[in-house]
Amino acid sequence: MDASSKKWAADPRFKILPQQAPAMTDGIAVWRSIRESPASEPEHGSIFEEFPADAATAPDEPSRRHFLKIMGASVALAGTGGCFTQPQETIVPYIRAPEQIVPGRPLYYATAMTYAGASLGLLVETHMGRPTKVEGNPLHPAVPEVMAQANERANDERLRFGATDPFGQAIVLSLYDPDRSQTVLRRGQIDTWEFAYSDLRAQLDRLAPAGGEGLRLLTELVVSPTLADQIQELLAKYPGARWHQYEPVNDDNSLAGARLAFNDDVATSYLNTPDVVLSLDADCIADGPMRLDHARRFRWQYLGPDGAAMSRVYVVETSSTLTGAAADHRLPASPQTVIAFALAVARAFGLELPGAMEMDNREVPKPWLDAVVEDLAASRGRSVVLAGRGQPPLVHAVVHWLNAALDNVGSTIEYRAPTAARPELAVESIRDLAGSMRAKEVEALIILGGNPAYDAPADLEFAMLLGNVPFSLHLSEYANETSDRCGWHVPQAHLFEAWGDTRAADGTVSIVQPLIAPLYGGKADHDVLAALMGNLNATSHDLVRDYWQRSFGPTANADEFERAWKTALHDGILAGTQLEARTPTLRDDFAKIAADVLGQNLTPADKQPLQLSIRPDNSVWDGRFANNGWLQELPRPLTKLTWDNAALMNPRTAEESQLNTGDVVEIETGAGQIDMPVFVVPGHPRNVITVHVGYGRQRAGRVGNKVGTDVYPLRTSQTMWFAVIKRVQKTGRTYPLATTQHHYDMAGRDLVRAGTLSQYQDAPNHPPFMAEHGHSNPELSLYPEWKYEGYKWGMVVNQSACIGCNACVVACQAENNIPVVGKDQVARGREMHWLRIDNYYAAEPENPIVYHQPVLCMHCEYAPCEPVCPVAATSHSNEGLNEMTYNRCIGTRYCSNNCPYKVRRFNFYDYNAELRQEATRQLRPNPDVTIRSRGVMEKCTYCVQRINAGRIAADKEDRLIRDGEVVTACQAACPTQALTFGNLNDPNSAVRELADSNLNYSLLGELNTRPRTTYLAALRNPHPALEKLNHQEDLTQRR
Amino acid sequence: MPQIFHPSMNTVSRATIFGAVFMLAMLGWLALRIVRSPYVSGVNVIKPQPVPFSHQHHVTEDGIDCRYCHTSVEGSTFAGIPPTETCMHCHSQIWADSEMLEPVRASYRDDKPLVWNRVYDLPDFVYFDHSIHINRGVACVTCHGDMGKMPLTWKSSTLYMEWCLECHRQPEEYISRPEAVFASTTRPETPHVETDVKWENKRGTLLTNCSICHF
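Residues numbered from 1 in each chain as written. Chains lettered and ligands numbered in written order. Predicted model: local features only at pLDDT ≥ 70, side-chain atom pairs only at ≥ 80, totals over all residues.

1. Things to note about the overall build of chain A
Then step 1. Secondary structure summary: chain A contains 31 helices and 42 strands in total.
Then step 2. Put simply, chain A has 1039 residues, and 56% of those count as buried.
Then step 3. The long-range fraction of contacts in chain A, counting pairs at least 24 apart against all pairs at least 6 apart in sequence, stands at 74%. (Helix = DSSP H or I, 4+ residues; strand = E, 2+ residues; numbered from the N terminus. Buried ≥ 20, exposed ≤ 12 C-beta atoms within 10 Å, placed from the backbone. Contact = placed C-beta atoms within 7 Å.)

2. Side note on the overall build of chain B
Then step 1. Within chain B, the regular secondary structure consists of nine helices and one strand.
Then step 2. Each helix and strand of chain B, placed in order from N terminus to C terminus, yields the pattern α-α-α-α-α-α-β-α-α-α.
Then step 3. In summary, chain B has a C-alpha radius of gyration of 25 Å against a globular reference of 17 Å for 215 residues, an excess of more than 25%.
Then step 4. Expressed along its principal axes, the backbone C-alpha trace of chain B runs to roughly 95 × 50 × 35 Å.
Then step 5. Taking as baseline every contact in chain B between residues at least 6 positions apart, the subset at least 24 positions apart corresponds to 71%. (Rg over C-alpha atoms; globule rule 2.2 N^0.38 Å.)

3. A short note on the packing of helix 10 (residues 335-348) of chain A against helix 12 (residues 393-405) of chain A
All names here are of chain A.
Then step 1. Closest axis-to-axis distance for the helix 10/helix 12 pair is 10 Å, and the angle between their directions is 25°. Here helix 10 lies roughly parallel to helix 12, going by the angle between them. Considering only the axes of helix 10 and helix 12, their crossing is left-handed. Contact residues: Val338, Ile339, Ala342, Leu343, Val345 and Ala346 in helix 10; Leu394, Val395, Val398, Val399, Trp401 and Leu402 in helix 12.
Then step 2. When its residues are assigned to classes, the contact of helix 10 with helix 12 shows twelve nonpolar, no polar and no charged. (Axes fitted to C-alpha atoms, helices over the stretch in contact; angles between N-to-C directions. Parallel < 35°, antiparallel > 145°, perpendicular 65-115°, else oblique. Left-handed = near helix turned anticlockwise from the far one by under 90°. Nonpolar A, V, L, I, M, F, W, Y, C, P; charged D, E, K, R; others polar.)

4. Digging into the nonpolar core
Then step 1. Formed by 293 residues in total, the largest nonpolar core has its most connected members in Leu280, Ala342, Val398 and Ala647 of chain A.
Then step 2. The element contributing the most residues to this core is helix 10 of chain A, with nine residues.
Then step 3. With residues up to four places along the chain from it excluded, the contact list for Val398 of chain A reads Ala342, Leu343, Ala346 and Ala594 of chain A.
Then step 4. Counting ten residues, the second largest nonpolar core, distinct from the first, contains Cys66, Ala139, Cys140 and Ile175 of chain B. (Core = buried A, V, L, I, M, F, W, Y, C linked by C-beta atoms within 7 Å.)

5. Here's the deal with unusual backbone geometry
Then step 1. Here Glu461 of chain A, not a glycine, exhibits a phi torsion of approximately 55°, which is positive.
Then step 2. Locating Glu461 of chain A in the fold gives a position in the loop between helix 14 (452-455) and helix 15 (462-465).

6. Some remarks on the interface of chain B and chain A
Then step 1. Tallying the contact residues gives 39 residues for chain B and 40 residues for chain A.
Then step 2. Going through the elements one at a time, helix 5 (84-91), helix 6 (102-110), strand 1 (116-117) and helix 7 (130-135) of chain B are the ones with two or more residues in the side of chain B that touches chain A.
Then step 3. It is helix 7 of chain B that contributes the most residues to the side of chain B that touches chain A, three residues altogether.
Then step 4. Here the residues of the side of chain B that touches chain A are counted per class, giving 17 nonpolar, 15 polar and seven charged.

7. With respect to the packing of helix 10 of chain A against helix 11 (residues 366-378) of chain A
Between two packed helices, the angle of one axis relative to the other and the distance separating the axes together describe the packing.
All names here are of chain A.
Then step 1. Relative to each other, helix 10 and helix 11 sit at 50°, their axes nearing to 10 Å. If you check the angle between helix 10 and helix 11, you find them oblique. Where helix 10 crosses over helix 11, the two elements pack in a sense that is right-handed. For the pair formed by helix 10 and helix 11, the contact residues are Ala344, Val345 and Ala348 on the first element and Leu369, Val372 and Val373 on the second.
Then step 2. Of the residues in the contact of helix 10 with helix 11, the class split is six nonpolar, no polar and no charged.

8. Some points on the confidence of the model for chain A
Then step 1. Taken residue by residue, chain A gives an average pLDDT of 85. The fraction at 70 or more is 87%.
Then step 2. Contacts for the low-pLDDT stretch residues 41-49 of chain A, under 50 throughout, to residues beyond four places or in other chains number eleven contacts. (pLDDT = per-residue confidence, 0-100.)

9. Some details on the confidence of the model for chain B
Residues and elements named next belong to chain B.
Then step 1. For chain B, per-residue confidence averages 86 on the pLDDT scale, and 91% of positions sit at 70 or higher.
Then step 2. Taken element by element, chain B is modelled with least confidence in helix 2 (residues 38-41), mean pLDDT 85, and with most confidence in strand 1, mean pLDDT 94.
Then step 3. Taken as a whole, residues 190-196 scores under 50 in pLDDT and shows six contacts with residues more than four places along the chain or in a different chain.
Then step 4. In the predicted complex, the global pTM is 0.89; the interface-specific ipTM is 0.88.

10. As for the sheet that holds strand 11 (residues 267-270) of chain A
Residue and element names in this part refer to chain A.
Then step 1. In space, the three strands of this open sheet follow the order 11-16-22, with antiparallel pairing throughout. Of all strands in the sheet, those bounded by a partner on one side alone are strand 11 and strand 22 (581-582).
Then step 2. Pairing of strand 11 with strand 16 (residues 413-416) involves four bridges; the strand directions are antiparallel. Counted as the bridge partner of Ser269 is Glu414 from strand 16. (Pairing = 2+ DSSP bridges.)

11. Points about the sheet that holds strand 6 (residues 130-136) of chain A
Residue and element names in this part refer to chain A.
Then step 1. Pairing within the open sheet is antiparallel, and its three strands lie in the order 4-5-6. Every other strand in the sheet has two partners, leaving strand 4 (107-115) and strand 6 as the edge strands with one partner each. Across the sheet, the axes of successive neighbouring strands diverge by a mean angle of 40°, strand direction being ignored.
Then step 2. With six bridges connecting them, strand 5 (residues 118-127) and strand 6 associate as antiparallel partners. Counterpart to Val124 in the pairing with strand 6 is Val134.

12. A look at the pairing of strand 15 (residues 383-387) of chain A
All names here are of chain A.
Then step 1. In terms of burial, strand 15 is a largely internal element, five of the five residues being buried.
Then step 2. Inspection of the sheet shows strand 12 (residues 276-280) paired to strand 15 by five bridges, in the parallel sense. Its bridge partner being in strand 15, Leu278 is matched across the sheet by Val385.

Quick look at the structure:
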């Protein structure tokens, strides 16, 4: 080291930032994975490099000679790219122009998607009849509105958006999936719907004399009133026929729990915003269509400049979920401990169950229990207790008892009739069917949707039993595992291709309207049922409309119905159709019944065995979204794993078995064994291994086939959610997992600022965790400051609100035509997502606090990427946008190299090539955004296409764009309003208010980049006693 | 060893090197000429169309407003190409037997759309919005030329970025009074910056920002 560099090294201003773990932020030691955690040895090499080591290498490394040949050709041909004249294009006008369609302007239609027993309201953007983008429908009861306050204030004719979840966002990609079934198949051979119909009729005619004995119908959970009506009609015509419902991710336990507590079928919905939430293994903000509503009600509360109240969320969970990550206090627990905890809380409020004390509650920490009881007791009528779908009925029943004891019913909770047309236990229903199939009592089996051969409980051997059925017909979007084993396969129309109806969790009906004629001639489930009734030519439109016309009653006149129907189509909901509220009363002998059930549940013999927790997946759900590239490539919450599932386990559990992330293990339960890779997750419960269903598909399509490991073989009707693990054996093999957790490292600088609500309330102007440094210094520039007059776009990310649900990531991908790159490319760090959600952990690895930090282009006022571009392809607009001009970019990647936030993405290959290969794929992209080709840099644009559209609309009226009028795609998708975009020059804008908050800070502000995207420090609202106990040392640790 | 080159080669080589500069400059000039020639840019080149539609006849002689056919020009990015039905509004009555119009009648009869060759075609990485240009006072003829004098349709501007920027840099030179926006033939004689002209950059957005057109 020479003298000058010594001098530099001594100067604190030029201090080289430490690149080893843990990264220090103001007051909190944060780390991103177990390898970086304070507990592990400091590591150098791949995970601390700015880009993954392989980022710049080709998958098949070319030889030096090959490289020189290509480079020679490139140099010789450089510049000739501009020598081609444009190909002649044509314009094909309409013959008779349809009403309302204006070329160049999108139209929005309201519809709804159904999964897990309830609907999610959608608004679908269409361009010239092509659905391209999905938004939420804010009128729908499960969908929170985006920028609601600004919309109220403006009170104009603007389009109002609601939030969505990743499935809602991604469903539009499935519509154009070329792997969807395109033809009727008979035993795998191409056939026609007419032949299928005549065969079906022949079967029914044969069975009709015996009243339809032997005819079975298997559906998913039916919530559609029209479909239910059709099925009732069918059952009336064939009294011997029977209807079964099966859904692999079902609410059986919840239903059984309600029956246990009330002897009645009721569903719970939530009102108002509770002060205290106790979740007993319920992943309520990331599971099911009501997740958006739950996220809004349970976690997010508006943080005004004076720091309004926050709810306090306690989560006891048997896995690592987003709900746990969002909690103020999280207790990782074994399945038995959850039961013990529920009973202990109930006991504190007076439910004495003989035997409850016998539950092994060593794992229930006393201070934790005391804190929960204290908070629940202090907020009677303002709390919510919920139980997860995997918890046994007893826990659900105890939760009902607790909510009643805490006076929550009527204030934060209400009971309604279940949305299912015929509520029943799905496992019982399919077990019943399988029994009949085994006894060869089933003559004809009609399966509407679903994929039971793949996802039915393993012990039923459903796939094998399909061979016992002489006539079987499967209606399905994909010719999947079940279709393979059925005599007939009929392609099912996509959600956006057929009419239908559905119910939200509170029962509100939505009419499902199609947005496009079936691309592949699919049939709706209504069509098939009509065919069963002998009507070949009925359309789903007529069937649904007729049903509602009838349900309006004969007295209603045609005009009245017409108006109501049109309104329902426009609004996306049929007003006033909620299911009736119920006020079920607890059984008088509740304690005795609960004690009996508890007696059956007590398993003292093997007290704390290693257990398998089987869960729906955040990307493919039960496997139905397996062929969706957007969802497969979406980094899974907490693990950031793409294109795979893995066995998640605690670091210590892994250490005891000498396992590391990527090691393949054999997991054996009573049902069988599977081999799958391990993923070590900090904070995962000690004696639980989590696996997600929906992978290892054989007949999903080109995208989803053989992705990950199928864990359904371990899922039996007895062990739907938890199974005792007999053996976990290291195989010695390793498996490459593509996780993005370590991609785009920001070199361990001051990134996450976090504190507690009480710290903030004590010093709202100078919260202790908001250090002074890190602010930009205007004197550092030689040039006079640019005055941003007019618009000044900016975004504020509220880290307290972000729950890491990924909806924004898929929304961005859909809006901005971001390609899917595949597992190999992701492993090399080439994922193209413009918006990523970074995970940071703080405190001890056994039970860390999790921070989600969405990172997108900061649109720095002094953007480091701009001066290094040799061709000025990235430049600054006078509204402060950091612009990326694709047609200028020559792909030097200097900009990405110079970006401290690592938000620029490079097209290493022509990732959009499939658009040219697949005709239907060409219909999907947003026509308002350029499709990028190989060798071009891209990044977040703040959805400049939406800004421009808003500017044009405002300019035509000679006014400024109003607050909330331009909503970015990520912002529109966010259920908790963690992202706020707007004009910083507008003193009344929501974004201005948040930018002025005392919690606001810039990422790497000390670099003087002056980011336009700023962050609000993450606030938690811990119980004072627990906080002192758990995190005292870590939280007060100073730099 | 004898000299290979005669001393005069010194002069020749000097002239060659000196001349090469001119040669290169000329090649450059030639390339620029070629790129801007109608052969490459397509300006003033008539494209074959299914029906020899005359804007001159319909606009000048019949006096039909632009917006009768290009209906969405004020409200959308795309000006709109009329559906066959629009042609048949008149041509079911007049020139109903014309041989020239047979493709139009066939389209209407057989439900097969007419397929026109695009005359103005922007690259796919450029986003252009007709409605805001009309609204700010850019007349049809400013970009499309004297449509009222075109018996067949040709492109009258290159659509090169330099051409767009001429106006985006100083729009006040190119805009018209509101009443002249849809005028068919006369290019505004005197560009003006008068109060009744709608274009005014009140909101301070620079029209030369890249993201105005490229996103």
